[in-house]
Amino acid sequence: MGLSSVSAYARRLKGKTQIDTTQLQFLNLEELEKRYGDRWPQVRGRIIETCESFISRRIRPEDLLLRAANGFIILPDPNREECAEAFTRRIKLDLEKFFLGTDYLKSLRLSAETRNIALQDLFSALESEAFGRAEAEHAAARACVDPPAAPLPDFSLRFESIWTMRTGHVALQRILPFSVIDGVGSWGHQIPPSSGGDAMVMEFDRQVLISAAAAARANDAPSRCALAIPVHFRTLASVKHRLPYMACFKEHAHGRVSGLMLHVCGLPMDAPASVITEITGVARNMTRRILCEADAFSMRPDRFDDARVDIFTCAAPADIGLMERREVALRVFNARLRRSGAMAALTDCRSLGHVSAGAAAGFAHFAGDSVDRLKRQPEKAYRLDPLGPQGP
Amino acid sequence: MTHLRPVPVADSPTWRLVYASTSLIEAGPGAFRAEIADILASSARNNRLLTLTGVLVHNGSRFMQLLEGPRECVHFVMDLIRADTRHERIGVLIDERAEVRALPDWAMAFLTSRDKELSHLSPDRLETKPSAEILEGLVTLSERCSEMSVPLEPPPGG
Ligand SMILES: Cc1cc2nc3c(=O)[nH]c(=O)nc-3n(C[C@H](O)[C@H](O)[C@H](O)COP(=O)(O)O)c2cc1C
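Residues numbered from 1 in each chain as written. Chains lettered and ligands numbered in written order. Predicted model: local features only at pLDDT ≥ 70, side-chain atom pairs only at ≥ 80, totals over all residues. Heavy atoms only, no water.

A separate point is the interface of chain A and chain B. Counting residues at the interface gives 58 residues for chain A and 54 residues for chain B. Taking both sides of the interface into account, the surface hidden between chain A and chain B amounts to around 4600 Å²; carbon and sulfur atoms contribute 66%. For the pair chain A and chain B, the number of links is three salt bridges. Across the pair E127 of chain A and R33 of chain B runs a salt bridge, and its minimum N-O distance is 3.7 Å. Our count for the contact surface shared by chain A and chain B stands at eight residue pairs in polar contact (both at pLDDT 80 or more). (Contact = heavy atoms within 4.5 Å. Buried area = accessible area lost by both parts, 1.4 Å probe. Salt bridge = Lys/Arg side-chain N within 4 Å of Asp/Glu carboxyl O. Polar contact = N/O pair within 3.5 Å; in protein donor to acceptor, adjacent residues only side chain to side chain.)

So this is what it looks like as structure tokens:
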């Protein structure tokens, strides 16, 4: 095993927050040492080499086998499908059979265990107070050398009801951050790439997450609406931005509030399927159910086959005529999503005409000014009939 | 069952390396958090697999890092670190054989240090310091490791 193969393996672990490893430990080497006396160093060397070559024939080239002081550690290919426990059992059994059939290995006893290495410690470090201080000191030191960095826009949260036509209920609200920049109000991630790029987008998402989790906690009741928290796809796309976001989620939201769902925004509809699957996979690691912004007119549903998105949110075009002209295509689109277990919500419904056109095209959920007004607080689940006489 | 530690290079002497450098991490919301997360994640992966231990100290504009472990592993990682564009003016202060590790418990502890605490270790004046004094300063600082750190877990848990 060369250092470069260790490093190459480490690189393949990038983005994984945990991995199950197999530890094989010889239990009675000391006993054998006594038995073999002066011959022990040679016998020991032979035992280790024989076992190493035996194990390496039973693992895949992408797995990494490391020697330890009194055994071996197998780090599986991060993409291995076989479950770690089964792999550990299999390798232990094979080795024990092999020991029985080999003279000088007969009395060797082995223990095998699956162990998980996780980046949990890293997560708590990243959300610690001390890290916040380090960040502030960095900012102060840079202020002497760099031109002032663009600050994060101030924002407040709005809660938008997502109405389910079939049940007539609102049981889900999506969170929309609203900021005022240079006196002009704007929604969502209005961060020009020149002012801090992906890091700033991540920081914005972190702050939104912290506020959203606090709002959800304040409103934590069994009948509350589920909340969809927006996260830009760029925050989840690269490891260095994803890690602080995941650390923040773990600290502020995980296990403290149920009914949170991540809403992946801004994903380019022409992104490769592998990228889509990775990004949505990261989101699903944090919340059991996820939403994803999509463009019903240009989305290729096959690229999302492995993404396991629960609800796609599609903005209605301002021109209702466009929806009516494309009704058949939209119906096919919605039917395709339903077959893969997903549903679509039509957002930005400016008029009841949008809701009717959307219903005709097979959308299941609706949101927008014509459905219900924006709220400043999360709500309890409630009944709503935007199409009825008392509608907004 | 006790915990296994890998033996990345058999019969390699234990080595100690300390360097200081100037941070090039940009200002701006999120930049520091993202870059340090990335460095710590690399350290958690590589240092655990290579059985390296040590501490990375940051004081606003400078880094100082202690790396200890098998000689080949220390130099292998140091080559990666040298090529990293997130810092510059890298000066190696200690590069020597060690009898025992000064900080055996952390794959890479990350500490922030206010100027006052680091002043006696100010990288500009470090070239003239005896290595024992530099090391002692780092060990004293690292007594705060539990505050913020990536503890050493040999690759398969620990
Ligand atoms: C100040 C500083 C300290 C670093 N310390 C380590 C370290 O201890 N271990 C490590 O593997 N990478 C460290 N890195 C990161 C490496 O330079 C490099 O990015 C990384 O090893 C690449 O490995 P990866 O592709 O597996 O992530 C450090 C970088 C900087 C700027």
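On we go from here.
Time to look at the confidence of the model for chain B. Residues and elements named next belong to chain B. Predicted confidence across chain B gives a mean pLDDT of 81, with 78% of residues reaching 70 or more. Element-level mean pLDDT values for chain B span from 53 in helix α3 (residues 115-118) up to 95 in helix α2 (residues 71-82). Taken as a whole, residues 154-158 scores under 50 in pLDDT and shows 23 contacts with residues more than four places along the chain or in a different chain. Across the whole predicted complex the pTM is 0.87, and at the interface the ipTM reaches 0.86. (pLDDT = per-residue confidence, 0-100. Helix = DSSP H or I, 4+ residues; strand = E, 2+ residues; numbered from the N terminus.)

Among the nonpolar cores identified, the biggest contains 107 residues, and I229, L236, L243, F304, F312 and F363 of chain A together with I36 of chain B are the most heavily contacted of them. When residues of this core are assigned to their parent elements, the largest contribution, eight residues, is made by helix α1 (residues 31-49) of chain B. Counting residues domain by domain, this core receives three or more from each of domain 1 (3-144) and domain 2 (156-390) of chain A. In this structure I36 of chain B touches F131 of chain A together with I25, F63 and F110 of chain B, once residues within four positions along its chain are discounted. Formed by 24 residues, the second largest nonpolar core is a distinct cluster that contains Y36, C51, L65 and Y104 of chain A. (Core = buried A, V, L, I, M, F, W, Y, C linked by side-chain atoms within 4.5 Å. Buried < 20%, exposed > 50% of the residue type's maximum accessible area, 1.4 Å probe, protein only. Domains from an automatic or database assignment.)

A few words now on the side chain of R142 of chain A. Mapping R142 of chain A onto the fold places it in helix α6 (residues 129-143). In this structure R142 of chain A touches S23, L24, I25, E26 and A27 of chain B, once residues within four positions along its chain are discounted.

Look at α6 of chain A: 21 Å from first C-alpha to last across 15 residues, which is about the 21 Å you get at 1.5 Å a residue. Inspection of α6 of chain A places A130, F131, A134, E135, E137, H138 and R142 of chain A among the buried residues, and these make up the whole buried set. Angular distribution of buried residues about the axis of α6 of chain A spans 165 degrees; they occupy a single face of the element. Exposed positions of α6 of chain A whose direction lies more than 90 degrees from the buried face are E129 and A143 of chain A. Buried residues along α6 of chain A sit against α5 (120-126) of chain A together with β1 (14-23), α1, β2 (53-58) and β5 (106-112) of chain B. (Expected span 1.5 Å × (residues − 1). Arc of directions from axis to C-beta.)

Around the ligand, the structure places 20 residues, and the nearest of them are S42, N46, N47, Q65 and D84 of chain B. The residues that come close to the ligand belong to more than one chain, namely chains A and B. Contacts to the ligand include R11 of chain A, whose side-chain N or O atom sits 3.2 Å from an oxygen atom. Protein burial of the ligand: of its 620 Å² of free accessible surface, 93% is covered by the chains. Elements with a minimum of two residues in the shell around the ligand: α1, β3 (62-70) and α2 of chain B. The greatest single-element share of the shell around the ligand, amounting to six residues, is contributed by α1 of chain B. Within the shell around the ligand, the residues separate by chemical class into nine nonpolar, six polar and five charged. (Near = heavy atom within 4 Å. Areas by Shrake-Rupley, 256 points an atom, 1.4 Å probe, with all protein chains shown as cover. Nonpolar A, V, L, I, M, F, W, Y, C, P; charged D, E, K, R; others polar.)

Residues and elements named next belong to chain B. Even without being glycine, T51 reaches a positive phi, approximately 55 degrees. As for its position among the elements, T51 is in the loop between α1 and β2. Non-glycine residue R89 carries a positive phi angle of around 45 degrees. Among the secondary structure elements, R89 is positioned in strand β4 (residues 87-97).

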